[in-house]
Amino acid sequence: GINAEYGVSSPPITMNMYSVFNAMKLIETGARTYKQPSSFFSLLQLEENNLSVLSSNIANEGILTELKSFISLKLEKNLVFITGTIGSLPPSFLKLEAPKEGNAEKSPKAALCYYCIFEDQKHILCLICLPENDEHFELFRSDLNDLSLQLQKKMPADEQTISKMLVDWYETCIEYLTRGIIKLSNILDSIIHGALLGKTFFIITDNEAEGKKVSRLIANFSIISQLSEKEMQIQILSSKSTTTIEKECLCINLTGSENLLNSTETNEFCREWAKEINEVAINIEDPLFLQYLIQSKKAKIISELNTLQRQVTYARLDNNILYKCYRALRQHKNCDVLLHLIANLFEKVTDDAILSVLDVLKERFSEDLPSL
């Protein structure tokens with residue numbers, strides 16, 4: 001929400017320019033460095049403070065025993081929650097992947113574990129990843145939480161579906177991002193633009209799993225929940241649905257040979273962002289790094305909103321600041337989105353001077369940005 005002094009809270013992400021520079025060099029040379037890290041799962045059952053394994057793809061009994069000990073210790077300290085936690089496992093878990101001869105640089109540097117307890121307080125989900133670095137796995141926690149909820153809905157009856165969901169967890173929760181960006185590249189800029197504005201999306205598809213992946217992809221570009229108590233509204237419809245879609249909503253149709261969107265509205269900022277991450281998706285392929293770039297860009301937008309919010313607040317007392325605010329927006333490639341969001345941030349404000357500043361800015365840009 002809004003902090004009266006400092007504005008909108010920004011996610012704790014910093015842009016590592018050295019990493020970005022290396023990424024751009026990899027794109028230029030066409031080098032492909034991504035290899036899916038080894039991933040494992042264990043679904044544990046808790047009975048009378050004892051843990052047993054219901055399902056797992058970890059064959060090493062010693063490692064399974066260590067995992068149960070790790071989770072038991074967390075349970076003793078009341079550190080296993082319904083909303084998942086990501087933590088580092090002991091170095092012994094690196095033995096899950098055989099060492100790569102002559103290529104130590106490509107060996108995993110960390111063993112990371114997502115773990116959560118189901119609402120029944122009887123089952124604990126553990127998802128283990130062995131990436132080459134541990135920088136960005138945390139950024140997918142909401143996707144992992146979503147998988148946990150989906151698993152709980154299937155339990156205990158649908159064992160076959162549960163087994164497949166566990167086996168495919170890394171592709172479902174992580175790699176969907178790269179594939180989705182490439183799949184929707186022809187309309188990605190307008191999707192980003194609509195998501196930043198907080199528009200309602202409808203996804204038309206007869207493949208529910210595909211619809212859910214696209215829904216999570218869209219949500220990755222949204223900042224609406226970080227600015228207010230509102231949530232991104234995304235609904236999946238079948239091709240036979242008779243639901244009426246309002247004109248201001250965005251509708252993505254995935255049922256044909258080409259992905260269609262009922263709007264071409266975008267801006268230069270969104271076009272450049274879509275091009276950048278599409279090149280990363282194609283040439284580098286690493287979804288962990290791709291998510292890092294997306295979240296870093298969102299953090300930058302929120303930082304700009306903080307600055308704009310302060311300028312608007314001070315501009316009610318000083319016309320020179322109002323003019324500087326206007327000039328900064330005039331030169332910004334994401335002007336329409338920033339103006340829309342700042343108006344939303346001040347929508348409950350009753351200060352006539354602030355409202356007057358917003359009206360002046362909207363009037364100045366009304367001819368160039370008719371959507372305002």
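Calculation notes
- Residues numbered from 1 in each chain as written.
- Predicted model: local features only at pLDDT ≥ 70, side-chain atom pairs only at ≥ 80, totals over all residues.
- Heavy atoms only, no water.
- Helix = DSSP H or I, 4+ residues; strand = E, 2+ residues; numbered from the N terminus.
- Contact = heavy atoms within 4.5 Å.
- Areas by Shrake-Rupley, 256 points an atom, 1.4 Å probe, with all protein chains shown as cover.
- 1 Å grid on protein atoms, 1.4 Å probe; cavity = no way out; pocket = protein on both sides within 12 Å on 5 of 7 lines; lining within 4 Å.
- Points joined across faces, edges and corners; volume = space filled by probe spheres on them.
- Nonpolar A, V, L, I, M, F, W, Y, C, P; charged D, E, K, R; others polar.
- Pairing = 2+ DSSP bridges.
- Axes fitted to C-alpha atoms, helices over the stretch in contact; angles between N-to-C directions.
- Buried < 20%, exposed > 50% of the residue type's maximum accessible area, 1.4 Å probe, protein only.
- Phe/Tyr/Trp six-rings, centres within 6.5 Å; stacked < 30°, edge-to-face > 60°.
- Lys NZ or Arg CZ within 6 Å of the ring centre and 35° of its normal.
- Salt bridge = Lys/Arg side-chain N within 4 Å of Asp/Glu carboxyl O.

## A few points about the overall build of the chain
A tally of regular secondary structure across the chain gives 13 helices and eleven strands. Of all intrachain contacts in the chain linking residues separated by at least 6 positions in sequence, the fraction that spans at least 24 positions is 73%. Only carbon and sulfur atoms are counted for the fraction: they give 49% of the accessible area of the chain, which is about 19,500 Å².

## Quick look at the layout of surface pockets
One number sums up the size of the largest pocket: a volume of about 880 Å³. Elements represented by at least two residues in the lining of the largest pocket include exactly helix 3 (141-154), helix 7 (208-220), helix 8 (224-227) and helix 10 (287-315). Partitioned by chemical class, the residues of the lining of the largest pocket number eight nonpolar, ten polar and eight charged.

## What about the sheet that holds strand 3 (residues 38-47)?
Here we have five strands laid out as an open sheet, ordered 4-3-7-6-5, and antiparallel in their pairing. Of all the strands in the sheet, the pair left with one neighbour each is strand 4 (50-56) and strand 5 (85-88). Each strand axis lies, on average, 25° off the axis of its neighbour in the sheet, ignoring direction. Pairing geometry for strand 3 and strand 4, over six bridges, is antiparallel. Residue L43 lies in a different strand from strand 4, and its bridge partner there is S55. Running at roughly 130° to strand 4, helix 2 (residues 61-76) makes contact with strand 3, strand 4, strand 5, strand 6 (112-117) and strand 7 (123-130) of the sheet.

## Some remarks on the pairing of strand 6
Here strand 6 lies mainly inside the structure; six of its six residues are buried. Neither face of strand 6 is exposed, since L112, Y114 and C116 on one face and C113, Y115 and I117 on the opposite face are all buried. Summarising the sheet, strand 5 and strand 6 pair through four bridges and their orientation is antiparallel. In the sheet register, I86 faces strand 6, and the bridge partner there is Y114. With six bridges joining them, strand 6 and strand 7 adopt antiparallel strand pairing. By the bridge assignment, I117 is partnered in strand 7 with I124.

## Looking at the packing of aromatic side chains
Scanning all chains against the criterion turns up eight aromatic pairs. Relative to W169, the ring of F137 lies with its centre 6.3 Å away and its plane at 70°, an arrangement referred to as edge-to-face. On the criterion of sequence distance, the pair formed by F137 in the loop between strand 7 and helix 3 and W169 in helix 5 (residues 169-183) is long-range, its members being 32 residues apart. Pair check on accessibility: F137 and W169 agree, each one buried. Ring centres of F269 and W273 lie 5.8 Å apart, and the angle between their planes is 65°; this geometry places the pair in the edge-to-face category. Of this pair, F269 and W273 are both found in helix 9 (residues 268-283), four residues apart, which corresponds to roughly one turn of the helix. When sorted by exposure, F269 lands in the same class as W273, which is buried. Site record: aromatic cluster; members linked through ring pairs are F137, W169 and Y170. Its guanidinium or amino end placed over the ring of Y176, R216 lies 4.2 Å from that ring's centre, counting from NZ or CZ.

## Considerations on unusual backbone geometry
One can expect most non-glycine residues to show negative phi and most peptide bonds to be in trans. A positive phi angle, close to 70°, is found at N49, a residue other than glycine. Under the relative-accessibility criterion, N49 is labelled exposed at 72%.

## Here we look at the pairing of strand 10 (residues 250-253)
Put simply, side chains in a regular strand alternate between the two faces of the sheet. With four bridges joining them, strand 8 (residues 201-204) and strand 10 adopt parallel strand pairing. By the bridge assignment, F202 is partnered in strand 10 with C251. Of the pairings in the sheet, the one linking strand 10 to strand 11 (residues 260-261) comprises two bridges and is antiparallel in character. Note on strand 11: the bridge partner recorded for N253 is L260.

## A word on the pattern of salt bridges
Summed over all chains, the structure comprises 14 salt bridges. The partner of K183 in a salt bridge is E210, and the shortest N-O contact between them spans 3.3 Å. Note that K183 is positioned in helix 5 and E210 in helix 7, a separation of 27 residues in sequence. K183 gets classed as partly exposed once you look at its relative accessible area, which sits at 36%. Overlapping salt bridges, with partners in common, bring together E171, E175 and R179 in one network.

## Some words on helix 12 (residues 335-345)
In terms of burial, helix 12 is largely enclosed, as nine of its eleven residues are buried. Within the sequence span of helix 12, burial applies to C335, D336, V337, L338, L339, L341, I342, A343 and L345.

By themselves, these are just geometric observations and shouldn't be taken as functional.
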